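For reference, the chains in residue letters:
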Amino acid sequence: IFGEHSVYVSSETLRLGAAWLRKGDLEQAGPHLQQALALTGQVMGKDSYSYSLVLASLAQWALAGGQLTQAQQWAEQALDIRVRIIGSDNPDTFDARLELAAILLAGGDPGQQARAQALLEQVQQQWLPVLQARSSNSVRIRLLSAEWQLAQGQLDAAQQTLAACAADAQALTPHLSLQHQALQ
C-alpha cells in the first residue's frame, strides 16, 4: 500500500509539486508534477479523477511558465476526464471549465476568446447561482469575468464587476483587514 508505486506516493508527489507551484518555484514543481502524472497513470489509470487532478496542476505549472499551448492541452484533458468520470454538472467539472477559460483568456488569441467566453458563461449560469455569494469560487468566477471584460475593452463593466468582488473578497479574509488596521 505504501510502496514506490502506490496511490499514497502518487498523491503525496502531487501535493509536493503543487506546494512548489504555489510557492512559485517552477523548477522544483515540474519534476514532481511530471512524476505524479506518471505514477498516477500507472496506479489509478489515465482516465481517473486523480489523473485529472495532476493534469490540472500541470496546466497551472505550464501556464505559469508561459507554455500556453501545453497548459491548454492539459486543461482540456482534465476537463474531458472530469466530464466523463464525475459528470458535467459536478462542481469539480465546473472548476476545470473555469481553469480552461482562464488559460484560453491568458493566451490572448482572438480565436480562443469566444471559447473562453462560452466556458465562462456556462460556469456563470450553472455554477455561480448555487454558490454562496461570498465563497472563494464565486469571487474567482467574477474575477475571471472581469478579466474577460477587460480583454473585450469593457472597462466600465470590469470596474463594476471588480467593485462588487472587492467587498466579498474582503469578507472572505477579515483577518487581513484586522492586520491592516493594526499596522496603521
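No experiment lies behind these values; they were computed from the predicted model shown.

About the criteria used
Residues numbered from 1 in each chain as written. Predicted model: local features only at pLDDT ≥ 70, side-chain atom pairs only at ≥ 80, totals over all residues. Heavy atoms only, no water. Helix = DSSP H or I, 4+ residues; strand = E, 2+ residues; numbered from the N terminus. Contact = heavy atoms within 4.5 Å. Lys, Arg positive; Asp, Glu negative; His and termini not counted. Charge placed at Lys NZ, Arg CZ, Asp CG, Glu CD. Axes fitted to C-alpha atoms, helices over the stretch in contact; angles between N-to-C directions. Parallel < 35°, antiparallel > 145°, perpendicular 65-115°, else oblique. Left-handed = near helix turned anticlockwise from the far one by under 90°. Nonpolar A, V, L, I, M, F, W, Y, C, P; charged D, E, K, R; others polar. Core = buried A, V, L, I, M, F, W, Y, C linked by side-chain atoms within 4.5 Å. Buried < 20%, exposed > 50% of the residue type's maximum accessible area, 1.4 Å probe, protein only. Salt bridge = Lys/Arg side-chain N within 4 Å of Asp/Glu carboxyl O. Polar contact = N/O pair within 3.5 Å; in protein donor to acceptor, adjacent residues only side chain to side chain. Expected span 1.5 Å × (residues − 1). Arc of directions from axis to C-beta.

What to know about the overall build of the protein chain
Part 1: The secondary structure content of the protein chain amounts to nine helices and zero strands.
Part 2: In the protein chain, the succession of helices and strands from N to C terminus is α-α-α-α-α-α-α-α-α.
Part 3: The principal-axis extents of the C-alpha atoms in the protein chain amount to approximately 55 × 45 × 30 Å.
Part 4: Restricting to contacts in the protein chain with at least 6 residues of sequence separation, those with at least 24 account for 51%.
Part 5: Each charge sign in the protein chain was given a centre, from 11 positive and 16 negative side chains, and these centres are 4 Å apart.

Focus on the packing of helix α3 (residues 49–64) against helix α4 (residues 68–86)
Part 1: It is at 8 Å that the axes of α3 and α4 come closest, and there the two elements cross at 160°. Considered as vectors, α3 and α4 are oriented roughly antiparallel to each other. Here α3 and α4 pass one another in a crossing that is left-handed. Where α3 abuts α4, its residues Tyr49, Tyr51, Ser52, Leu53, Leu55, Ala56, Leu58, Ala59, Trp61, Ala62 and Leu63 lie against Leu68, Gln70, Ala71, Trp74, Ala75, Gln77, Ala78, Ile81, Arg82, Ile85 and Ile86.
Part 2: When grouped by side-chain class, the residues that make up the contact of α3 with α4 number 18 nonpolar, three polar and one charged.

Examining the nonpolar core
Part 1: Leu55, Leu58, Trp61, Trp74, Leu98, Trp127 and Ile141 are the most contacted members of the largest nonpolar core, which totals 36 residues.
Part 2: Elements represented by at least two residues in this core include exactly α1 (7–23), α2 (26–43), α3, α4, α5 (91–107), α6 (110–126) and α7 (136–151).
Part 3: For this core, the element with the most residues is α5, which contributes eight residues.
Part 4: If near-sequence neighbours (up to four positions away) are discounted, leucine 98 is found in contact with Leu120, Val123, Trp127, Arg140, Ile141 and Leu144.

Section: the pattern of salt bridges
Part 1: Under the counting rule described, the total for this entry stands at six salt bridges.
Part 2: Across the pair glutamate 12 and arginine 15 runs a salt bridge whose closest N-O atoms are separated by 3.3 Å. Of this pair, glutamate 12 and arginine 15 both sit in helix α1, three residues apart, which is roughly one turn of the helix.
Part 3: The class for glutamate 12 is partly exposed, based on a relative accessible area of 29%.
Part 4: With relative accessibility at 56%, the residue arginine 15 sits in the exposed group.
Part 5: Glutamate 99 serves as the salt-bridge partner of arginine 140, at 2.6 Å between the closest nitrogen and oxygen. Of this pair, arginine 140 sits in helix α7 while glutamate 99 is found in helix α5, placing the two residues 41 residues apart along the sequence.
Part 6: Note on arginine 140: relative accessible area 28%, which makes it partly exposed.

Describing the environment of serine 11
Part 1: Within the secondary structure, serine 11 sits in helix α1.
Part 2: What makes serine 11 partly exposed here is its relative accessible area of 31%.
Part 3: The spacing of serine 11 and alanine 36 is 25 residues in sequence and 7.1 Å in space, taken between C-alpha atoms.
Part 4: At a separation of 3.1 Å, a polar atom in the side chain of serine 11 contacts the main-chain carbonyl oxygen of tyrosine 8.

Notes on the environment of proline 91
Part 1: Note that proline 91 resides in helix α5.
Part 2: For the pair formed by proline 91 and leucine 37, sequence separation is 54 residues and the distance between their alpha carbons is 22 Å.

Some thoughts on α1
Part 1: With 17 residues, α1 extends 24 Å from end C-alpha to end C-alpha; this agrees with the ideal 24 Å at 1.5 Å per step.
Part 2: By the burial criterion, the buried members of α1 are Ser10, Thr13, Leu14, Gly17, Ala18 and Leu21. All buried residues of α1 project into a common sector of 135° when viewed along the axis, lining one side. α1 presents Arg15, Arg22 and Lys23 as exposed residues on the side facing more than 90 degrees away from its buried surface.
Part 3: One or two residues past the end of α1 sits glycine 24, with phi positive at roughly 90°.

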